[in-house]
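For reference, the chains in residue letters:
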Amino acid sequence: MGLRSWIRTRMADTQDHADPSPVKALVYSIVGRDEETLHALGEYTADTYPTDVAEQLRRRNEVAAALRTMDLGSRDGRAQGVARLKELLRVYPHPLAYEALILACVDQCRWDEARGVAFAARERRWEVEHSPYPEIRSEVDRLNAWTPEDVEELRLEAIGELVRPGVASAAAPATVPVAALG
């Protein structure tokens with residue numbers, strides 16, 4: 001126990017008294033009054049929960065609910081939902097909205113736009129991963145990260161320039177047996 005805490009416990013104990021005496025005010029002016037620091041999610045109450053985080057979580061839930069109502073599993077559903085996806089990203093930059101928009105752009109062969117959205121998704125992922133709040137950080141825990149290089153790989157695969165070993169490609173030349181060249 002340090003001198004500061006000893007003085008505080010002996011002279012400046014205001015937990016039992018709502019109205020501090022002048023001596024206590026003097027002690028607080030010398031040693032300062034300790035503020036309660038919040039450390040974990042479980043230590044927040046309805047009064048102490050950060051309002052900006054609560055607002056972000058409310059908007060995230062709105063966007064997630066809207067994404068669940070959209071048909072994002074099919075190519076046509078994503079194509080029809082491009083405008084709505086962009087609108088939802090303005091409300092809250094949800095990683096699943098970014099992924100759906102990237103896939104919609106890839107489906108329509110809009111490669112530059114897909115790369116731009118992948119870049120924005122990567123930047124947003126960095127922001128989320130470095131958030132001081134675990135509620136925000138958990139947003140991308142189990143999601144794959146999109147990069148512009150991933151979009152370029154999809155573009156090369158779509159136009160037939162990406163050759164993978166063991167996978168037949170439309171642009172790959174057919175193999176001719178050596179005996180036929182004879």
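Structure first, text after, so check above.
Residues numbered from 1 in each chain as written. Predicted model: local features only at pLDDT ≥ 70, side-chain atom pairs only at ≥ 80, totals over all residues. Heavy atoms only, no water.

## Here's the deal with the overall build of the chain
- A count of helical and extended segments in the chain gives ten helices and zero strands.
- Ordered by position from the N terminus, the helices and strands of the chain form the series α-α-α-α-α-α-α-α-α-α.
- Classification of the 182 residues of the chain by burial places 30% in the buried group.
- Here the analysis covers contacts within the chain between residues at least 6 apart in sequence; of these, 50% occur between residues at least 24 apart.
- Counting only carbon and sulfur atoms, one obtains 55% of the accessible surface of the chain, whose full area is about 12,500 Å². (Helix = DSSP H or I, 4+ residues; strand = E, 2+ residues; numbered from the N terminus. Buried < 20%, exposed > 50% of the residue type's maximum accessible area, 1.4 Å probe, protein only. Contact = heavy atoms within 4.5 Å. Areas by Shrake-Rupley, 256 points an atom, 1.4 Å probe, with all protein chains shown as cover.)

## Digging into the environment of Val-140
- Turning to its location among the elements, Val-140 is positioned in the loop between helix H8 (134-137) and helix H9 (148-159).
- Given a relative accessible area of 5%, Val-140 falls into the buried group.
- Expressed as a C-alpha distance, the spacing of Val-140 and Arg-124, which sit 16 residues apart in the sequence, is 9.9 Å.
- Residue contacts for Val-140: discarding those within four places in its chain leaves Pro-95, Arg-125, Val-128 and Glu-129.

## Some points on unusual backbone geometry
- Even without being glycine, Cys-109 reaches a positive phi, approximately 55°.
- Along the polypeptide, Cys-109 turns up in the loop between helix H6 (95-107) and helix H7 (111-129).

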